[in-house]
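Observations on chain architecture
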Amino acid sequence: MDITIVVPLYNEEESLPKLFEWIQKVMLEHKFSYEVIFVDDGSTDRSWHEIEKLKALSPDTVKGIRFRHNYGKSPALHCGFQEAMGDVVITMDADLQDSPDEIPELYSMIKNDGFDLVSGWKKKRLDSKLTKNLPSKLYNAVARKVTGLKLHDMNCGLKAYRNEVVKNIEVYGDMHRYIPYLAKNAGFTKIGEKAVIHHKRQFGTSKFGMNRFVNGYLDLMTAWFLAKFGKKPMHFFGLIGSLMFFIGLIMIIIVGVNKLIALSAHIAAPLVTSSPYFYIALVAMILGTQLFLTGFIAEIISRNSSERNLYQISQKL
């Protein structure tokens with residue numbers, strides 16, 4: 001099979017028939033063999049009913065997955081990726097803002113140009129500049145700096161992947177925003193970008209609020225930390241903890257030595273506990289010990305994880 005299209009959705013009953021008709025038209029024009037996997041993320045409208053109708057009309061090309069309640073986009077993509085059979089996997093949103101007309105070129109970039117992943121770039125966005133465009137540019141600038149990936153639109157829903165990529169990454173929580181980074185950390189480094197057309201939403205309302213930018217930042221820090229220290233947490237917590245402890249220890253020694261020098265010279269000296277440096281040093285030593293023990297416990301958990309020796313192997317002879 002040439003292409004699997006994974007469409008996560010939540011309350012998009014009005015968009016689904018038009019989206020599938022559009023996909024069908026493109027697939028037939030380019031003679032692709034394909035399947036479309038609709039993942040209903042606990043919709044409360046008639047989205048699942050529309051998917052059932054599409055399945056009845058095209059039983060060989062439509063698959064449906066329905067969650068009991070709303071889990072989020074990442075779990076929806078994860079389940080869709082597990083079912084994907086196509087050589088190239090395309091993800092797109094169900095709100096008609098992503099154009100299926102982009103699929104042939106995305107497919108070509110994977111199959112002919114050798115990319116592992118191609119991310120869409122909504123170069124000319126039709127959203128509100130204040131609530132969407134400006135925050136998105138800031139978010140993507142930070143993401144580029146942290147991940148090292150020179151992508152203009154990390155969170156664009158329209159992406160193409162080699163099947164091997166989606167089978168070797170785990171999309172969980174809200175990590176769908178950073179799939180290119182997850183792929184990079186899994187060893188898939190040929191990551192490209194394609195400018196795509198952005199269409200205005202025709203039906204319904206956006207399912208994402210301003211809190212996605214705060215959550216996106218926190219998820220970015222999580223992804224970065226796991227990539228750097230996921231299998232060696234002691235290297236992070238142990239190092240910082242040790243530095244804090246020894247800085248505190250040196251400060252305690254300095255305070256104590258100053259006290260001893262004053263006593264040996266028969267000079268009246270204030271109590272050690274009256275010095276603010278004593279308490280700063282004490283706090284530094286306590287925090288340093290706690291951080292070191294946190295790293296130690298995290299290392300034990302990591303060593304006992306079932307995935308401690310799970311590595312990405314590309315070939316065997």
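Quick look at the structure, then. This is a predicted model, so every value here is computed, not measured.

Thresholds, definitions, all that
- Residues numbered from 1 in each chain as written.
- Predicted model: local features only at pLDDT ≥ 70, side-chain atom pairs only at ≥ 80, totals over all residues.
- Heavy atoms only, no water.
- Phe/Tyr/Trp six-rings, centres within 6.5 Å; stacked < 30°, edge-to-face > 60°.
- Buried < 20%, exposed > 50% of the residue type's maximum accessible area, 1.4 Å probe, protein only.
- Axes fitted to C-alpha atoms, helices over the stretch in contact; angles between N-to-C directions.
- Helix = DSSP H or I, 4+ residues; strand = E, 2+ residues; numbered from the N terminus.
- Left-handed = near helix turned anticlockwise from the far one by under 90°.
- Contact = heavy atoms within 4.5 Å.
- Nonpolar A, V, L, I, M, F, W, Y, C, P; charged D, E, K, R; others polar.
- Salt bridge = Lys/Arg side-chain N within 4 Å of Asp/Glu carboxyl O.
- Patch = residues over 30% accessible without salt bridge, like charges linked within 9 Å, V, L, I, M, F, W, Y side chains within 5 Å.
- Areas by Shrake-Rupley, 256 points an atom, 1.4 Å probe, with all protein chains shown as cover.
- Lys, Arg positive; Asp, Glu negative; His and termini not counted.
- Charge placed at Lys NZ, Arg CZ, Asp CG, Glu CD.

Examining the packing of aromatic side chains
- Per the stated rule, a full pass over the model turns up seven aromatic pairs.
- Consider the rings of Phe245 and Phe246, whose centres lie 5.8 Å apart with planes at 85°: the pair is edge-to-face.
- Here Phe245 falls in the partly exposed class, since its relative accessible area comes to 29%.

Considerations on the packing of helix α1 (residues 16-30) against helix α2 (residues 47-57)
- Where α1 meets α2, the closest approach of the two axes is 10 Å, and the angle between their N-to-C directions is 35°. Here α1 and α2 pass one another in a crossing that is right-handed. Touching Leu16, Pro17 and Phe20 of α1 are Ser47, Glu50, Ile51 and Leu54, all from α2.
- Grouping the amino acids of the contact of α1 with α2 by side-chain chemistry returns five nonpolar, one polar and one charged.

Quick notes on the pattern of salt bridges
- According to the stated counting rule, one finds eleven salt bridges in the structure shown.
- Measuring nitrogen to oxygen at the nearest pair gives 3.6 Å for the salt bridge that ties Lys122 to Asp98. Placement of Lys122 in the loop between β5 (117-121) and α5 (129-147) and of Asp98 in the loop between β4 (88-91) and α4 (103-111) is noted, with a sequence separation of 24 residues between them.
- The exposure class assigned to Lys122 is buried, which follows from its relative accessible area of 9%.
- The class for Asp98 is buried, based on a relative accessible area of 1%.
- A salt bridge links Lys194 to Glu102, with the shortest nitrogen-to-oxygen separation between them at 2.4 Å. Remark: Glu102 occurs in the loop between β4 and α4 and Lys194 occurs in strand β7 (residues 191-195); sequence separation between them is 92 residues.
- Lys194 gets classed as buried once you look at its relative accessible area, which sits at 9%.
- Bridged by salt links that share partners, the residues Glu102, Glu105 and Lys194 form one connected network.

Some words on the environment of Gly80
- Positionally, Gly80 belongs in helix α3 (residues 73-83).
- Placed 72 residues apart in sequence, Gly80 and Pro8 show a C-alpha to C-alpha distance of 8.0 Å.

As for a positive patch on the surface
- Positive charge collects at one region of the surface, where Lys145, Lys150, Lys184, Lys228 and Lys232 lie side by side.
- Its location among the elements puts Lys145 in helix α5.
- Overall, Lys145 belongs to the exposed group, its relative accessible area being 73%.

Considerations on a nonpolar patch on the surface
- Taken together, the side chains of Phe292, Leu293, Phe296, Ile297, Ile300 and Ile301 present a nonpolar region at the surface, about 570 Å² in accessible area.
- Along the chain, Leu293 falls in helix α10 (residues 276-303).
- When its relative accessible area of 45% is taken as the criterion, Leu293 is described as partly exposed.

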